[in-house]
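Structure at a glance
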Amino acid sequence: VYCNISMPTPIVSVGLQFFNNAQTLESAILSILQQSFTEWELIVHDDGSRDQSAALLGRFQDPRIRFFPDGVNRKRPYRLNQSLELARGQFYAVMDADDVAYPERLEKQVQFLTQNPAVDLLGGGMMVFGVDGVPFGKRLLPIGHDQICRTPWAGLPMAQPTFMGHTGWFRKHKYSTLFPITEDQDLLLRSYRSSRFANLPEIVMGYREDRLS
């Protein structure tokens, strides 16, 4: 178990929760370790896995990784809020256990949020790939707040696996545990009137999907 908080305060806290992700977890963590931006901490929660996922954490000795297992399946919104409470960074970023962050993801998002302090939450584009690693295509989303929030009743086009925002903003709004499947849209719908959203116009994440929806 890695829970080192004696390291210098990070700029970004990355929250990663996993449940039975033995086939993909290692590549997800490696994609954070290989980031061009290095002032991060990775807060990892095992959400009650029954496979060998947790054993993979023993392969990583980086002190920036903080691992918290408790053997209980509490679902994603609970774990997101839990990692937010533990976050020490100015910014908080979401990372899914079956995705792969592009090497400059954190660097580009930190740069944008630093240069645009009025933006509370930032997303980005995704390359969609299958379980065999073959890409299906890409998803690029509207850039500005007004475009993102134009038709909220039809959903706000931001991809949660690419979320990065001010940690204080996340703590103010928090995720609802009532919506374990659509917690991201619930968060956006509750907050968009008093917040500012944006998406980077470029791909920052490889998003794993069994098939195109």
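Since the model is a prediction, treat every value here as computed from it, not as a measurement.

1. Some details on the packing of aromatic side chains
Scanning all chains against the criterion turns up five aromatic pairs. Seen in terms of ring centroids, Tyr-92 and Phe-170 are 5.2 Å apart; in terms of plane orientation they differ by 65 degrees. Their pairing is edge-to-face. Taken together, the residues span a long stretch of sequence, with Tyr-92 in strand β4 (residues 91-96) and Phe-170 in helix α5 (residues 167-173) at a distance of 78 residues. The pair Tyr-92 / Phe-170 is uniform in exposure class, with both members buried. Where Phe-170 meets Tyr-175, the ring centres are 6.5 Å apart and the plane angle is 25 degrees; that geometry is what we call stacked. With a relative accessible area of 1%, Phe-170 lands in the buried category. When its relative accessible area of 5% is taken as the criterion, Tyr-175 is described as buried. Every member of this aromatic cluster is reached through a ring pair, and the members are Tyr-92, Trp-169, Phe-170, Tyr-175 and Phe-197.

2. Describing the pairing of strand β2 (residues 40-46)
Strand residues, when the strand is regular, have side chains that alternate between the two faces of the sheet. Among the seven residues in β2, seven count as buried, and that is most of the element. This β-α-β element, strand β1 (residues 12-18) to helix α1 (residues 25-33) to β2, shows right-handed connectivity. The pairing of β2 with strand β3 (residues 65-69) spans five bridges and is classified as parallel. Bridge pairing links Val-44 to Phe-67 in β3.

Thresholds, definitions, all that
- Residues numbered from 1 in each chain as written.
- Predicted model: local features only at pLDDT ≥ 70, side-chain atom pairs only at ≥ 80, totals over all residues.
- Heavy atoms only, no water.
- Phe/Tyr/Trp six-rings, centres within 6.5 Å; stacked < 30°, edge-to-face > 60°.
- Helix = DSSP H or I, 4+ residues; strand = E, 2+ residues; numbered from the N terminus.
- Buried < 20%, exposed > 50% of the residue type's maximum accessible area, 1.4 Å probe, protein only.
- Right-handed = clockwise from strand over helix to strand, strands pointing away.
- Pairing = 2+ DSSP bridges.

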